[in-house]
Amino acid sequence: MGEQPIFTTRAHVFQIDPSTKKNWVPASKQAVTVSYFYDSTRNSYRIISVDGAKVIINSTITPNMTFTKTSQKFGQWADSRANTVFGLGFSSEQQLTKFAEKFQEVKEAAKLARDRSQEKIETSSNHSQESGRETPSSTRASSVNGTDDEKACHGGPADAHLKSENDKLKIALAQSSSNVKKWETELQTLRESNARLTSALQESAASVEHWKKQFSECKEENDQLRNKIEELEEQCNEINKEKERNAQLNRRLQELESELQDKELELEDLRKQGEIIPQLMTECESVSQKLQVAEKKNRDLEEKVRTLRTDVEESKQRQNSLKTELKNFLDVLDGKIDELHDFRQGLSKLGVDN
């Protein structure tokens, strides 16, 4: 019959990291089939799992093994022959419980099979000793009673019993030799498995070195990125400071616009006063003084405008939106200055006419 599956489930398979003996290494990318197999010819049990064409679990269950639940959905067992620890992650606690119960059941069956095998070996050994002791007596009986035909006539039942015992011993010896060959084959398989595990361990060590190198490179790159982030943060702080300076300039421009509006109101008052000719003569001196003050203020304003123009020229690259407002402001200011000059010339003409 060979090996037959007796229980099947699905789980994520892991193996202990051979270098650290602590971390779990995934043996499958997704959940795979994990099955218990029973070999009737060898009277043994195995847990087998295959991912595609790769055998990821081939563990023969012995009575000394123990399946341990480490969490609600994860369990593990150690296989000394494979020199590793297998771990299984299930999708539910019920599947883990069923697998653990089956493991205990198979473990008891393996223990029972081992005990029976030992009993058979002991029984075969005892029978061989008894047959060794009985053979001389049968020889003596043959010499006393005569030929084999006479022995068959006189001692038939005892000889038949000895013959059946000898046949059993022959069968036991044949099974023992067959088991020895199987054990030799299994030993060779274990040696090959150990060689593969040694090669895998060497590859894992090389892979660890490779990952260490990559980790070092990533760390250096991370440090460079961190420094670059700090530089960008400093640049952002400088940009924020520039924004604050631009906001201050905007507020200053609004204040100047408010002052210009006040001056326009004063000029409007002067126009109204200029319409009153009799009062102009008496107020001419005061108007002249006011004009001088206004001119002085205009000069101050012109100086301020020059300063603002310089500031605006310097801040053109930082804020393009101020360009249009500044141009409007300069146009209005030039117009007001022209109106002041025109108004002064008009007053002068009025003074000459009078």
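Coordinates for the structure precede this section.
The structure reproduced in this document is the subject of the present report. Within every chain, residues take consecutive numbers counted from 1 along the sequence as written. In keeping with the model being predicted, local features are shown solely for residues with a pLDDT of at least 70 and side-chain atom pairs are shown and tallied solely at 80 or more, while totals for entire chains, interfaces and linings include all residues. As a convention, hydrogens and water are excluded, and side-chain values are obtained from all of the structure's heavy atoms.

**Side note on the nonpolar core**
- For the purposes of this section, nonpolar cores are sets of buried Ala, Val, Leu, Ile, Met, Phe, Trp, Tyr and Cys residues that join through side-chain atoms within 4.5 Å. Exposure categories follow from relative accessible area, calculated using a 1.4 Å probe and restricted to protein chains: below 20% of the type maximum is buried, above 50% is exposed, and the middle band is partly exposed. One finds Val13, Ile47, Ile57, Trp77, Leu88, Phe99 and Phe103 to be the most contacted residues of the largest nonpolar core, which totals 23 residues.
- It is helix H1 (residues 93–145) that provides the largest number of residues to this core, a total of six residues.
- Listed in part, the 11 residues of the second largest apolar core include Leu253, Leu256, Val312 and Leu330. Counting from the N terminus, the helices are the DSSP runs of H or I reaching at least four residues and the strands are the DSSP runs of E reaching at least two.

**Quick word on the pattern of salt bridges**
- Whenever Lys or Arg places a side-chain nitrogen within 4 Å of a carboxyl oxygen from Asp or Glu, that contact is recorded as a salt bridge. Overall, the coordinates contain 13 salt bridges when judged by the stated rule.
- Across the pair Lys263 and Glu266 runs a salt bridge, and its minimum N-O distance is 3.7 Å. On the criterion of helical spacing, the pair formed by Lys263 and Glu266 is a turn pair, its members being three residues apart in helix H3 (residues 156–275).
- Glu268 serves as the salt-bridge partner of Arg271, at 3.2 Å between the closest nitrogen and oxygen. In this pair, Arg271 and Glu268 are both assigned in helix H3, three residues apart and thus about one turn of the helix distant.
- We classify Arg271 as partly exposed; its relative accessible area is 34%.
- Shared partners join several salt bridges into a network, and the residues in it are Glu264, Glu268, Arg271, Lys336 and Glu339.

**What to know about the environment of Val305**
- Within the element layout of this structure, Val305 appears in helix H4 (residues 277–315).
- With relative accessibility at 6%, the residue Val305 sits in the buried group.
- On a C-alpha basis, the gap between Val305 and Leu330 in space is 8.2 Å, while along the polypeptide they are 25 residues apart.
- Val305 has contacts with Phe329, Leu330 and Leu333, leaving out every residue within four places of it along the chain. Throughout, a contact is declared for two residues whenever any of their heavy atoms are within 4.5 Å.

Treat this as a map of the structure, not an account of what it does.
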